[in-house]
Amino acid sequence: TTSRLNNTPVGNRNLGFWEHDLWTLKYLSKFKWRHLTEKKAHDAQARSARLQAEIREAKKERQFYLEQAQNSKAIQNIQKRLQKKAPEEAVKRKREMRNFKQKSVTNQPADSEIELGDSILSKVFSKKARKQ
């Protein structure tokens with residue numbers, strides 16, 4: 001049937017919707033209908049698995065956000081209570097939490113640094129040095 005229908009017009013009438021369309025058929029010798037249904041079932045299962053993974057990830061993100069929001073509210077309530085009890089103490093605690101020790105800045109170069117002068121750089125990048 002494929003050789004008979006291949007390259008023949010689809011529509012029967014002259015003014016039909018498929019008047020200018022042609023059949024393009026090819027016989028697939030080892031093709032079985034179950035191959036097509038198995039492929040479709042596999043694709044549907046893979047799509048479902050991807051969707052479930054996305055849903056799981058979205059639930060994790062939502063749960064993390066809700067936990068962070070709850071923690072933030074708790075911290076804000078603790079700070080409000082501390083401010084009501086002793087406002088000066090709350091400000092002092094806030095400042096103490098942000099106190100970091102830092103090293104003082106020095107303008108002297110470290111011992112490991114070597115000062116490169118123009119004479120050394122000219123020796124390194126000169127054409128004569130490249131040839132050797």
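Residues numbered from 1 in each chain as written. Predicted model: local features only at pLDDT ≥ 70, side-chain atom pairs only at ≥ 80, totals over all residues. Heavy atoms only, no water.

Enquirer: Can you explain the overall build of the protein chain? Please cite residues and give values.
Expert: Scanning the protein chain from N- to C-terminus turns up 5 helices and 0 strands. Counting every position in the protein chain, which comprises 132 residues, the buried fraction comes to 1%. Accessible surface for the protein chain amounts to roughly 14,200 Å². Of this, 53% is attributable to carbon and sulfur atoms. (Helix = DSSP H or I, 4+ residues; strand = E, 2+ residues; numbered from the N terminus. Buried < 20%, exposed > 50% of the residue type's maximum accessible area, 1.4 Å probe, protein only. Areas by Shrake-Rupley, 256 points an atom, 1.4 Å probe, with all protein chains shown as cover.)

Enquirer: Run through the pattern of salt bridges, naming residues and quoting values.
Expert: Under the defined criterion, the tally for this structure stands at 1 salt bridge. In this structure, the salt-bridge partner of D43 is K39, at a minimum N-O distance of 3.2 Å. Here K39 and D43 lie together in helix 2 (residues 33-85), a separation of 4 residues that amounts to about one turn. Relative accessible area serves as the criterion here: at 36%, D43 is assigned to the partly exposed category. The partly exposed category is assigned to K39, whose relative accessible area is 48%. (Salt bridge = Lys/Arg side-chain N within 4 Å of Asp/Glu carboxyl O.)

Enquirer: Requested: an account of the confidence of the model for the protein chain, with residues and values cited.
Expert: When pLDDT is averaged across the protein chain, the result is 79; 70% of the residues are at 70 or more. Here helix 5 (residues 127-131) stands out as the least confident element of the protein chain, with mean pLDDT 54; helix 2 is the most confident, with 93. (pLDDT = per-residue confidence, 0-100.)

Enquirer: So, a nonpolar patch on the surface: which residues are in play, and what are the values?
Expert: Judged by side-chain polarity, L28, F31, W33 and L36 come together as a nonpolar surface patch covering roughly 430 Å² of accessible area. Counting through the fold element by element, L28 comes out in the loop between helix 1 (2-5) and helix 2. (Patch = residues over 30% accessible without salt bridge, like charges linked within 9 Å, V, L, I, M, F, W, Y side chains within 5 Å.)

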